[in-house]
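Results of the structural survey
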Amino acid sequence: QRPSVRVNRKKLRRRFLPAVLAGPSRDGGRDDEVHADVCGGLGGRAGRADDAAAAQNAGRYAVFLAAGVAVVALASFRRAAPSPGHADLGAAQEKAGLVDLADGFAKSLEASAKVAEDVKTVYPDMQEAWSSISGPSKELKRQVAGLAGTSHLVDLKEMANLTPHDLLHPKNISRHDRNPCPDDEEPHAGLCYKKCATLTDGAFPIRTTAWSCCMEEPCSFFNSKFVGSFLPCHGFDVAGALEGSGCPHIAGACMPNEELSLGVCYKKCAVLTNNTYPYRSAASSCCRYNNHLACIDALNVLTSPAFNTGGGLGDHEPATPGTAHTPMPELAESGV
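This section reports on the structure supplied with the text. What you see is a predicted model; the values in this text were computed from it and never measured.

**Quick look at the sheet that holds strand 6 (residues 249-250)**
Across the sheet, three strands lie side by side as 1-2-6; this open sheet has antiparallel pairing. Of all strands in the sheet, those with a lone pairing partner are strand 1 (185-188) and strand 6, marking the two edges. Sheet topology places strand 2 (residues 191-194) next to strand 6; two bridges connect them, and they run antiparallel. Pairing of Cys192 across the sheet is with His249, part of strand 6.

**Concerning unusual backbone geometry**
Note that the residue after Glu217, namely Pro218, is joined by a cis bond; omega there is -5 degrees. Summarising the element assignment, Pro218 is placed in the loop between strand 4 (212-214) and strand 5 (224-226). Phi angles above zero are rare outside glycine, and Arg178 is one such case at about 60 degrees. For Arg178, the position within the fold is in the loop between helix 6 (164-168) and strand 1. Despite not being glycine, Ala189 shows a phi value in the positive range, around 55 degrees. Position of Ala189 relative to the elements: it lies in the loop between strand 1 and strand 2.

**Focus on the state of the cysteines**
Tallied over the full model, the rule gives seven disulfides. Through a disulfide, Cys233 is tied to Cys247; the S-S separation comes to 1.8 Å. Between Cys233 and Cys247, the disulfide has an S-S torsion of 105 degrees and is therefore right-handed. Taken as a pair, Cys233 in the loop between strand 5 and strand 6 and Cys247 in the loop between strand 5 and strand 6 lie far apart in primary sequence, 14 residues in all. Residue Cys247 is classed as partly exposed on the basis of its relative accessible area, which comes to 28%. Sulfur-sulfur distance for the disulfide between Cys269 and Cys286 comes to 2.0 Å. Torsion about the S-S bond of the Cys269 and Cys286 cystine: about -75 degrees, corresponding to left-handed handedness. Of this pair, Cys269 sits in helix 8 (residues 269-272) while Cys286 sits in strand 10 (residues 285-287), and the two are 17 residues apart along the sequence. Each member of the pair, Cys269 as well as Cys286, is classed as buried.

**Details of the side chain of Arg207**
Structurally, Arg207 can be placed in strand 3 (residues 206-207). For Arg207, the side chain forms a polar contact with the main-chain oxygen of Lys194, separated by 2.8 Å. Within the structure, Arg207 has its side chain in polar contact with the backbone oxygen of Phe236 (distance 3.2 Å). For Arg207, the residues in contact, after removing those within four places along its chain, are Glu186, His188, Tyr193, Lys194, Cys196, Leu199, Ser212, Cys213 and Phe236.

**Points about the nonpolar core**
Counting seven residues, the largest nonpolar core is built from Leu167, Ile173, Ala253, Met255, Met328, Leu331 and Ala332. Not counting residues within four places of it along the chain, the set of residues in contact with Leu167 comprises Leu162, Met255, Pro256, Asn257, Gly311, Asp315, Thr320 and Leu331.

**Concerning the sheet that holds strand 4**
Read across the sheet, three strands follow the order 3-4-5 without closing on themselves; strand pairing throughout is antiparallel. In the strand order of this sheet, the two ends are held by strand 3 and strand 5, each with one partner. With three bridges connecting them, strand 4 and strand 5 associate as antiparallel partners. Directly across from Ser212, in strand 5, lies its bridge partner Phe226.

Cut-off values and rules
- What you see as residue numbers is a count from 1 along each chain, following the sequence as written.
- Selection of residues for local features in this predicted model requires a pLDDT of at least 70, selection of side-chain atom pairs for listing and counting requires 80 or more, and totals for whole chains, interfaces and linings are taken over all residues.
- To obtain the side-chain values, all non-hydrogen atoms of the structure were used and water was disregarded.
- Here, a strand pair is defined by DSSP locating no fewer than two bridges between the strands.
- Secondary structure counts use DSSP, requiring at least four H or I residues in a row for a helix and at least two E residues in a row for a strand, with both numbered from the N terminus.
- Counting rule for disulfides: a pair of cysteine sulfur atoms within 2.5 Å.
- Each residue is assigned to one of three classes by its accessible area relative to the maximum for its type, calculated with a 1.4 Å probe on protein chains only: buried under 20%, partly exposed between the two thresholds, exposed over 50%.
- For the purposes of these results, a polar contact is taken to be a pair of N or O atoms within 3.5 Å, where, inside protein, one atom must be able to donate a hydrogen and its partner to accept one; residues adjacent in sequence count only when each atom of the pair is a side-chain atom.
- The contact criterion used throughout is that any non-hydrogen atoms of two residues lie within 4.5 Å.
- Definition of nonpolar core: a set of buried residues of the types Ala, Val, Leu, Ile, Met, Phe, Trp, Tyr and Cys, connected through side-chain atoms within 4.5 Å.

Just geometry here; none of it tells us what the structure is for.
Next up, the structure:
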């Protein structure tokens, strides 16, 4: 049976606590000293086994005491102000950052100035290049705007109120002048052409061929003017302005709500599309512009089978064609 050991706790605290608070020495001598003190205090009371038990109890007490001291130290910890050395280092770093920022800003200004100078130098060349690119487009738009179309904007209300009698008796055509063509045209070799007097401002009023007009009879090469002899439907070889200035056509005229295209009368594209695509480009197609190049673009063209129709569609009058047709001679000259 192991002998009981009585430990004087007050004495143990007085001897052990200063050693714990002082901490270990670099050579471990403090640990040995504490161990020797503890063991020495217990050695006089019991044997060797009792000294071991007392040392174990003292070690546990020391662990608990050290833990309490650590908690108190953590609870009372306060962040210390930076030392003057640290403050100087932070200020230096801040100044270095500001210097770098100013240097970067200066480099940015320098680059911007260089870009501005380059733009100022290159701008005239860019402007010249843009003019060379946009010039043809502007010229094309100007030409398209100035051309007389195969149709034109119309009074939709007036067109809707035309009766079959109005369609068969156009007001802008004289039907008793012995001219089988509309009033702005003249006949030649079975076709209707724009008048030479109109084409030459009265200087060469007599038509001799599809491409020539004569000043006076007897007509010869020396008193005639030739225009467009190699291009069909150009120069003097054209129809009247009211008929769209296209190719010459057979004798007769279209109804007031119709237009002439390639020798055939169709209901006006302006009427069919509410003036949005007023120029006919094909039997079933209407275009925004009177220009073949512009009408190649699908965005400028509207196509529908309903466009291939005559001006009399839906009026239930047999004398007014509801389908596309050739010019009607009775509309140009009465009794034909």
